[in-house]
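Fold and geometry: a report
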Amino acid sequence: MSMHVAESGIELEIGGMTCASCANRIERKLNKLDGVSASVNYATEKAKVTAPEGYDPQLLVAEVEKSGYTAALPTPPSARGAQSDGAEEPAPDLELIALRQRLIGSIVLSVPVIAMAMIPALQFTYWQWLSLALAAPVIIWGAWPFHKAAWANLKQGAATMDTLISMGTSAAFLWSLYALFLGTAGMPGMTHPFELTISPSDGAATIYLEVGAGVTMFLLAGRYVEKRSKRQAGAALRALLEMGAKEVSVLRGGQERTIPARDLVVGDEFIVRPGEKIATDGVITSGTSAVDVSMLTGESVPAEVAEGDAVTGATVNAGGRLLVRATRVGGDTQLAQMAKLVEEAQTGKAEVQRLADRISGIFVPIVLVIAVVTLTVWLLLGFPVTAGFTAAVAVLVIACPCALGLATPTALLVGTGRGAQMGVLIKGPEVLESTRTVDTVVLDKTGTVTTGKMTLVDVVADPGTDRAEVLRMAGAVEDSSEHPIAQAIATGATQETGVLPAPSTFENVPGQGVHGTVEGRSVLVGRETLLADAQMVLSPEVAAAKAEAEGQGRTVVTVGWDGAARGILVVADAVRPTSAEAVAQMVELGLTPVLLTGDNETVARQIAAEVGIDEVIAEVLPAQKVDVVTRLQAEGRVVAMVGDGVNDAPALAQADLGLAMGTGTDVAIEASDITLVRGDLRSAVDAIRLSRRTLSTIKVNLFWAFAYNVAAIPIAALGMLNPMLAGAAMAFSSVFVVGNSLRLRSFRSVAGKS
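Under an unreviewed UniProt entry, the name given to the protein chain is Heavy metal translocating P-type ATPase, and the organism recorded is Brachybacterium tyrofermentans. Among the UniProt annotations of the protein chain, the heading Sequence similarities (unreviewed entry) holds the following wording: "Belongs to the cation transport ATPase (P-type) (TC 3.A.3) family. Type IB subfamily." Turning to the protein chain, the UniProt record has this under Subcellular location (unreviewed entry): "Cell membrane".

Once that is clear, we can look at the pattern of salt bridges. Enumeration over the complete set of coordinates arrives at 19 salt bridges. Between Lys 66 and Glu 63 there is a salt bridge; the shortest N-O distance is 3.4 Å. Taken as a pair, Lys 66 and Glu 63 lie in helix H2 (residues 57-66) at a separation of 3 residues, close to a single helical turn. Of the residues examined, Lys 66 reaches a relative accessible area of 60% and is grouped as exposed. Linking Glu 550 and Lys 546 is a salt bridge whose minimum nitrogen-to-oxygen distance equals 3.1 Å. In this pair, Glu 550 and Lys 546 are both assigned in helix H20 (residues 540-551), 4 residues apart and thus about one turn of the helix distant. Bridged by salt links that share partners, the residues Glu 469, Arg 472, Glu 519 and Arg 521 form one connected network.

Taken together, the 3 bridges between strand E10 (residues 289-292) and strand E11 (residues 303-305) define a ladder with antiparallel strand orientation. Among the inter-strand pairings, Ser 289 is bridged to a residue of E11, identified as Val 305. Pairing analysis gives 2 bridges linking E10 to strand E13 (residues 316-317), with the strands arranged antiparallel. Following the sheet pairing, Val 291 is matched in E13 by Asn 317.

On average, residues of the protein chain carry a pLDDT of 80, and 85% of them reach 70 or more. Model confidence for the protein chain, summarised as mean pLDDT per element, is weakest for helix H3 (residues 77-82) at 40 and strongest for strand E23 (residues 592-596) at 93. Of the regions scoring below 50 in pLDDT, residues 1-8 engages in 17 contacts with residues more than four places distant in sequence or in other chains. Contacts for the low-pLDDT stretch residues 77-91, under 50 throughout, to residues beyond four places or in other chains number 12 contacts.

Once that is clear, we can look at the sheet that holds E10. Spatial ordering of the open sheet is given by E11-E10-E13, a layout of 3 strands whose pairing is antiparallel. The sheet is open, and its two borders are formed by E11 and E13, each paired with just one other strand.

Here we take up the UniProt feature "transmembrane region" (unreviewed entry) in the protein chain. If you check UniProt for "transmembrane region" (unreviewed entry), the listed places come out as residues 103-120, 126-144, 164-185, 205-225, 359-381, 387-414, 700-718 and 724-744 in our numbering. Across residues 126-144, the secondary structure splits into 89% helix and 0% strand, with the terminal C-alpha atoms separated by 27 Å.

With that settled, the discussion passes to helix H23 (residues 625-634). Side chains three or four residues apart in an α-helix point the same way, a direct result of the helix having 3.6 residues per turn. Restricting attention to buried positions, one finds in H23 the residues Lys 625, Val 626, Val 628, Val 629, Leu 632 and Gln 633. Here the buried residues of H23 occupy an arc of 160 degrees about the axis, which is enough to place them on one side. Against the buried residues of H23 lie strand E16 (440-444), E23, strand E24 (615-617), strand E25 (639-643) and helix H24 (649-654). In the stretch just after H23, Gly 636 is the one whose phi turns positive, near 90 degrees.

Here the focus is unusual backbone geometry. If you check the backbone angles, Glu 519 has positive phi at about 50 degrees while not being a glycine. By secondary structure assignment, the location of Glu 519 is in the loop between strand E19 (513-518) and strand E20 (521-526). Positive phi values are uncommon outside glycine, yet Glu 619 reaches one of about 55 degrees. Assignment of secondary structure puts Glu 619 in the loop between E24 and H23.

Let's shift gears to the packing of helix H7 (residues 161-181) against helix H12 (residues 355-380). Where H7 contacts H12, the axes come no closer than 7 Å and their chain directions differ by 45 degrees. Judged by the angle between their axes, H7 and H12 are oblique. Here Met 161, Thr 163, Leu 164 and Met 167 of H7 lie close against H12, whose contacting residues are Ala 356, Asp 357, Ser 360, Phe 363, Val 364, Val 367 and Leu 368. Here the residues of the contact of H7 with H12 sort into 8 nonpolar, 2 polar and 1 charged.

What follows is about the packing of helix H17 (residues 467-478) against helix H18 (residues 484-497). Axis separation between H17 and H18 bottoms out at 8 Å; the angle between their running directions is 130 degrees. Taken as axis vectors, H17 and H18 run oblique relative to one another. Two packed elements cross with a definite hand, and for H17 against H18 that hand is left-handed. Mapping the contact onto sequence places Arg 467, Ala 468, Leu 471, Arg 472, Ala 474, Gly 475 and Glu 478 in H17 and Ala 486, Gln 487, Ile 489, Ala 490, Gly 492, Ala 493, Glu 496 and Thr 497 in H18.

Now for the pairing of strand E14 (residues 322-328). Along any regular strand, the residues point their side chains to alternate faces of the sheet. Strand direction decides the pairing type here: strand E8 (residues 269-272) and E14, joined by 4 bridges, are antiparallel. Pairing of Phe 270 across the sheet is with Val 324, part of E14. In this structure, strand E9 (residues 281-286) lies alongside E14, joined through 5 bridges in antiparallel fashion. Bridge pairing links Ile 284 to Val 324 in E14.

Cut-offs applied
- Residues numbered from 1 in each chain as written.
- Predicted model: local features only at pLDDT ≥ 70, side-chain atom pairs only at ≥ 80, totals over all residues.
- Heavy atoms only, no water.
- UniProt positions renumbered as here; feature names shortened; annotations may be inferred.
- Salt bridge = Lys/Arg side-chain N within 4 Å of Asp/Glu carboxyl O.
- Helix = DSSP H or I, 4+ residues; strand = E, 2+ residues; numbered from the N terminus.
- Buried < 20%, exposed > 50% of the residue type's maximum accessible area, 1.4 Å probe, protein only.
- Pairing = 2+ DSSP bridges.
- pLDDT = per-residue confidence, 0-100.
- Contact = heavy atoms within 4.5 Å.
- Arc of directions from axis to C-beta.
- Axes fitted to C-alpha atoms, helices over the stretch in contact; angles between N-to-C directions.
- Parallel < 35°, antiparallel > 145°, perpendicular 65-115°, else oblique.
- Nonpolar A, V, L, I, M, F, W, Y, C, P; charged D, E, K, R; others polar.
- Left-handed = near helix turned anticlockwise from the far one by under 90°.

Dropping the structure here:
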């Protein structure tokens, strides 16, 4: 039996959940078992269970199935790796395809039913029987997911939005059947006159098929939109595991062979050429290089490595050829640990119970009580049983708000569409409903507040030397090097001085710098020790400038030629031009910005002061970023996190609202709730404002979805509800909800570029 046992226990894939209360219900069920503690996440459709050693997972599966849901043990990672990437996805998509077919079928069948009921001119002699033939499949087959969920809820003694829908559509259908077969509605020539007057109606002569079919059609549309956007939730982990190198050149028996990276074993020696990803965690056995670790640590300065240094899988070798001995493979690597952190953060994140479900939980029992009271009062007043039933059923029919299913998805659709035009991509409904009231924004430094790329920020020349000459000579030599700092200097020099001369000789001094011959001069560029070895000493003025730059946490490169030191080049991670403006806008929205970085305190304070942030948390290891977010949440803050690197992914998943820079890694983008395409921090402000606007639109929509129907309940209880009025209430509330949602299209960006 295939079983995936995490350190914390067993993991189950849950199917059939329709709302956050389903997840809570399964969680309660599992926690009742002896020695079992479980947490179920509606967004990722997974349950994390801690059970005693040797506990049979099939017992957990059986317990979930008893609640009316499905559970399965996931494929172990080894089997999953052996499949092609496409083979992992089909199961979830089948559910979406089935929902789409249900929706299309319901639209095709419902439109004529609604048209006939609302337009008397279309009511030919036996129109009511055609309505029945068209509406029956919609109310039974189309609304099946709602009936099924309502039944599962009923067994648990709970009422949700599904209960309300199932109850209303079933009541409309059963009453229409009664009126057609036992009442007078089946007579040839029966019509629904077009009148919106309130007058006592003969229940046995009216049918409500269009209400049942219309409600189902609108709700399926809402459910489909929502389901499609939710499908991305699990993609973060796939993206993480996809990041590693796919193939690796291994030395076995003195021969170099290319094998899939997953076949590496501890102790294997493998070759990493310049520009390649390091296949797995290991130790360098020969070679020196600079490794770009920004993907993992978020730090823009590459790490200089030599023999005996440890390297991490999925980081990029930016310098020379390395020979590495594998020390950790598969699930033990840092990348796999990071994936686990993301998953734990996503599973542990409390899902806000959907607003519509919370309202339904209160509304359904009230409606049922009103229906029973209506029937009782009519019977006590001596009216015939049919009249009492007509009024009671009318209460159930009108109580089912069709606009309820549209309230959230339409606002989301317009809100997310408007966001997309502005470069703010919102993942799905859970995102906005969990935004609640964000009050703290945690900003990752490198790549978020700063550009994340090394940039030439200053040149200080010796008093007797021309500044442009220092830049031109250094740029010419550095242009031949692959080192990221060298590339930053070469780029800066080209921008300022134009085309650089080509060096006639070039040599890399590992860990020190480079030297080459440019226009007959022997030029050295690198650490101060490289110049000192050649008896070149910096002048006091330049040495003072170097000390000051290093005190600010910047990287300093020294330049010398023809036996004398000529100046220094200062390289740093530059602050994005719009960051200070964005921070000011966040403060205006009532948010507290916090700068979070693995960099040292000095650099962090410097950058925080530059953009106007007071709260700084520095020298944080990648894995501790989640702890910082969790700690802020424990203080009662609602946290939004903005980041861009793999090391930010777990924290983005943990935060109440995760925003990823579109210029960042795929993993960060997948783990977040919102992606900022432009990589401009002002987009984060837009995202939070848009989330707030969309959420308030959803609340207004839900109010109106219920308002029309609540207002019509007394009319129904008095037996004065004619089908035309029921249909009109349904149409009006839907049109209002859609119209209100469309107002989101006028949302404007604070950046002035929308």
